[in-house]
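Residue-level structural notes
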Amino acid sequence: MTVSDATQAAGALDAHRPMLLGLAYRLLGSRHDAEDVLQEAYLRWLGVDRAAVTEPRRYLSRVVTRLALDRLRALRASRETYVGPWLPEPVPTTPSPFGPLDAVELRDSLSTALLHLLERLTPPERAVYVLRTAFDLPYAEIATILDRSVADCRQLHHRAATRIGQDRRRFTAGRAEQQRLLDAFLAAARDGDLAALTGLVATDATAWTDGGGRVQAARNPVTGADRVARFFVGLYGPGRRYTVHRLELNGQPAALLVRPAGNRYALTVAAADGRITAFHVVGNPDKLRWAG
């Protein structure tokens with residue numbers, strides 16, 4: 001292969017890179033692994049007769065999806081032995097490495113809350129759900145990508161939607177409402193105002209903290225408004241030193257909490273009906289390399 005051939009191949013891949021990276025990331029919940037999948041897809045792309053590929057985007061989507069599913073199956077074992085709750089790797093999205101997020105479906109399908117829910121699905125269910133919900137692909141195209149029948153893909157999507165549907169309805173707040181609740185919650189936690197905190201949190205809210213065994217984090221989910229409020233006051237209440245940086249992660253309002261020793265925690269919330277229903281806190285430094 002000549003340098004010119006390699007350059008042309010890279011250019012064709014780069015033209016679709018944001019979409020492909022977003023696809024791999026939604027399937028894996030890890031940007032690091034998604035980047036590895038794209039690198040492997042590039043090597044596959046170099047080895048094919050590209051002149052015979054009439055639709056590079058469709059071809060590359062198929063390659064990336066299949067590689068991501070293979071990696072997802074391999075990752076399942078390591079996530080089962082992960083220390084404490086496993087949460088998706090948060091990704092800054094201003095600017096977005098996944099391309100424009102103007103469509104609500106594209107933005108919502110990146111949220112930490114949804115990606116966490118998708119861990120309940122089998123790899124084929126997750127692939128069909130992502131391809132259909134985030135990218136609005138017709139079932140016939142999804143069937144080609146996954147080498148399954150259209151009827152099978154419809155059934156997989158139905159099962160996936162059913163398995164996450166109940167909890168998905170707990171994450172209906174828009175960006176402005178999420179931002180308002182996040183700001184109010186951080187202010188109340190800083191002041192140690194338990195009454196204000198519990199008033200902002202749904203009675204059955206849950207907080208997940210991912211330290212990966214590397215930093216201080218709860219080893220089990222914290223559930224219930226009172227327990228969640230006390231948990232965050234213990235971490236970020238009066239006398240606790242930290243700085244707060246507002247940013248956007250996974251298309252959602254977020255906060256990066258930085259302690260004097262340098263430990264960093266990325267916080268996002270999900271909400272519905274005017275109250276926070278879920279907290280996702282990632283402190284594992286392997287997932288926060290972008291934070292310095």
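Look above for the structure.
So, a few notes on the structure that sits alongside this text. (Residues numbered from 1 in each chain as written. Predicted model: local features only at pLDDT ≥ 70, side-chain atom pairs only at ≥ 80, totals over all residues. Heavy atoms only, no water.)

1. Concerning the packing of helix α2 (residues 17–28) against helix α3 (residues 31–46)
- At a closest axis distance of 8 Å, the pairing of α2 and α3 adopts a crossing angle of 130°. When the interaxial angle is binned, α2 and α3 end up oblique. In the packing of α2 onto α3, the handedness of the crossing is right-handed. In this structure, α2 uses Arg17, Leu20, Leu21, Ala24, Tyr25 and Leu28 to contact α3, whose residues at the interface are Arg31, Asp33, Ala34, Glu35, Val37 and Leu38. (Axes fitted to C-alpha atoms, helices over the stretch in contact; angles between N-to-C directions. Helix = DSSP H or I, 4+ residues; strand = E, 2+ residues; numbered from the N terminus. Parallel < 35°, antiparallel > 145°, perpendicular 65-115°, else oblique. Left-handed = near helix turned anticlockwise from the far one by under 90°. Contact = heavy atoms within 4.5 Å.)

2. Quick word on the packing of α3 against helix α4 (residues 56–80)
- As a packed pair, α3 and α4 sit with axes 9 Å apart at the nearest point and diverge in direction by 130°. Judged by the angle between their axes, α3 and α4 are oblique. Along this stretch, α3 crosses α4, giving a crossing that reads as right-handed. Between α3, through Asp33, Asp36, Val37, Leu38, Glu40, Ala41, Arg44 and Trp45, and α4, the contact on the second element is made entirely by Pro56, Tyr59, Leu60, Val63, Val64, Leu67, Ala68, Arg71 and Leu75.
- Its residues assigned to classes, the contact of α3 with α4 shows 12 nonpolar, no polar and five charged. (Nonpolar A, V, L, I, M, F, W, Y, C, P; charged D, E, K, R; others polar.)

3. Points about the packing of aromatic side chains
- Going through the model one piece at a time under the given rule, you end up with eight aromatic pairs.
- Taking 5.1 Å as the distance between ring centres and 90° as the angle between the ring planes, the aromatic pair formed by Phe185 and Phe232 counts as edge-to-face. With Phe185 in helix α10 (residues 175–191) and Phe232 in helix α12 (residues 225–236), the pair connects residues that are 47 residues apart, well separated along the chain.
- Owing to a relative accessible area of 1%, Phe185 belongs among the buried residues under this scheme.
- Note on Phe232 and Phe279: the rings are 4.9 Å apart at their centroids and 40° apart in plane angle, and the pair reads as tilted. Placement of Phe232 in helix α12 and of Phe279 in strand β6 (residues 275–282) is noted, with a sequence separation of 47 residues between them. As far as the burial class goes, Phe232 and Phe279 line up, both buried.
- Grouping aromatic residues by their ring pairs yields a cluster made of Phe185, Phe231, Phe232, Tyr236, Tyr242 and Phe279.
- The ring of Trp86 is capped by Arg79, whose NZ or CZ atom sits 3.8 Å from the centre of that ring. (Phe/Tyr/Trp six-rings, centres within 6.5 Å; stacked < 30°, edge-to-face > 60°. Buried < 20%, exposed > 50% of the residue type's maximum accessible area, 1.4 Å probe, protein only. Lys NZ or Arg CZ within 6 Å of the ring centre and 35° of its normal.)

4. Examining empty space enclosed by the protein
- One pass over the full model with this rule turns up two cavities of 30 Å³ or more.
- For the lining of the largest cavity, the secondary-structure elements that each account for two or more residues are β5 (264–272) and β6.
- Per element, the largest residue contribution to the lining of the largest cavity is three residues, and it comes from β5.
- Its residues assigned to classes, the lining of the largest cavity comprises six nonpolar, three polar and no charged.
- Considering only enclosed or pocket space, the second largest cavity measures out at about 40 Å³ in volume.
- Lining the second largest cavity are Arg26, Ser109, Leu114, Leu118, Tyr129, Val130, Thr133 and Ala134.
- At the level of elements, α6 (112–118) and α7 (123–133) are the ones that each hand at least two residues to the lining of the second largest cavity. (1 Å grid on protein atoms, 1.4 Å probe; cavity = no way out; pocket = protein on both sides within 12 Å on 5 of 7 lines; lining within 4 Å. Points joined across faces, edges and corners; volume = space filled by probe spheres on them.)

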